[in-house]
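The primary structure of each chain is shown beneath.
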Amino acid sequence: MSEKEKNKRREFLNHVCPAVAMAFLGVPAIQSCSSGDDDTDTGSGNNNGGNTGGNTDAGYTKSGNTITIDLNHSNFSNLQSQGWIQFTAEKMLILKLSSSSYKAFDGRCPHQGVHTAWSYNTSNNRFTCGQHGNSYDTDCVTPGNGGVLTCYNTTLNGSSLVVTT
Ligand code: FES
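The rules we used
- Residues numbered from 1 in each chain as written.
- Predicted model: local features only at pLDDT ≥ 70, side-chain atom pairs only at ≥ 80, totals over all residues.
- Helix = DSSP H or I, 4+ residues; strand = E, 2+ residues; numbered from the N terminus.
- Buried ≥ 20, exposed ≤ 12 C-beta atoms within 10 Å, placed from the backbone.
- Contact = placed C-beta atoms within 7 Å.
- Pairing = 2+ DSSP bridges.
- Axes fitted to C-alpha atoms, helices over the stretch in contact; angles between N-to-C directions.
- Core = buried A, V, L, I, M, F, W, Y, C linked by C-beta atoms within 7 Å.

Colleague: Is there a simple way to think about the overall build of the chain in this case?
Modeller: Within the chain, the secondary structure is distributed over 3 helices and 10 strands. When each of the 165 residues of the chain is scored for burial, the buried share is 19%. Residue pairs in contact within the chain that sit at least 24 positions apart in sequence constitute 33% of those at least 6 positions apart.

Colleague: Is there a simple way to explain the environment of G64 in this structure?
Modeller: Locating G64 in the fold gives a position in the loop between strand 1 (60-63) and strand 2 (66-70). Its 8 C-beta neighbours within 10 Å are what place G64 among the exposed residues. Separated by 100 residues in sequence, G64 and T164 have C-alpha atoms that sit 9.1 Å apart.

Colleague: I would appreciate a short explanation of the pairing of strand 9 (residues 151-157) in the present structure.
Modeller: Look at any regular strand and the pattern is simple: side chains alternate between the two faces of the sheet. Pairing geometry for strand 5 (residues 101-106) and strand 9, over 2 bridges, is antiparallel. Each bridged residue has a counterpart across the sheet, and for A104 the counterpart in strand 9 is Y152. Bridging between strand 9 and strand 10 (residues 160-164) involves 5 bridges; their strand directions are antiparallel. Considered in strand 10, the bridge of T154 is made with V163.

Colleague: Just to check I follow, could you spell out the sheet that holds strand 2 for this structure?
Modeller: One key point about sheets: their strands pair by backbone hydrogen bonds, in either a parallel or an antiparallel sense. The 7 strands are arranged 1-2-10-9-5-4-3 in an open sheet whose pairing can be described as antiparallel. For this open sheet the edge positions go to strand 1 and strand 3 (84-87), each flanked by a neighbour on one side alone. Strand-to-strand twist across the sheet, computed as the mean angle between neighbouring axes with direction ignored, equals 20°. With 4 bridges joining them, strand 1 and strand 2 adopt antiparallel strand pairing. The partner of K62 across the bridge, within strand 2, is I67.

Colleague: What's the story with the nonpolar core in this structure? I'm lost.
Modeller: Nonpolar side chains in soluble globular proteins tend to be buried together. If you look at the biggest cluster of nonpolar residues, it comprises 23 residues, and the most contacted ones within it are I69, I85, F87, M92, L93 and I94. Contributing elements (two or more residues each) for this core: strand 2, strand 3, strand 4 (92-98), strand 5, strand 7 (126-129) and strand 10.

Colleague: What should I look at first to understand the pairing of strand 7 in this one?
Modeller: What you see with strand 7 is a clean split: F127 and C129 sit on the buried side and R126 and T128 on the side with no burial. Of the strand pairs in this sheet, strand 6 (residues 118-121) and strand 7 are connected by 4 bridges, and their pairing is antiparallel. By the bridge assignment, W118 is partnered in strand 7 with C129. The pairing of strand 7 with strand 8 (residues 134-137) spans 4 bridges and is antiparallel. Within strand 8, the position partnered with R126 by the bridge is D137. Turn length for the strand 7-strand 8 hairpin, with the two strands adjacent in sequence and antiparallel, is 4 residues, and the turn residue G133 shows positive phi of about 80°.

Here it is in structure tokens:
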């Protein structure tokens, strides 16, 4: 091994966490590399993914196929201000029809499944997927290119919107 390679190896071992270094050297270690607190999910925003159970940091909780959204949470404020939201973390679209009426849709585009390119046109009440420019009615029955934008059942309990997928 050249001097340069030895230096590289030394530098690597100096910079990786001890558990990784031990594993690299073939020594088992139980210690983890985490130096902070326990696994606290401080998800933020609509792109937070994988929340299950009682985590309300992201403004919603998920239990099985039921998602309960806190409409007062800042992560959902666009729903109040612009009337709809691309709820990316759960691949969902939510539309506010009135203060007491909301609709939720499967956010995977009927065309090819893209769930991150949506916009909403209030003049014709259609969602448009920017991936290929197809637009979809929000009536749960009228098909666009590739099919119908699938509706989910929603129930409003005070400021909680319960969506069943
Ligand atoms: S994937 Fe949405 S228009 Fe093609």
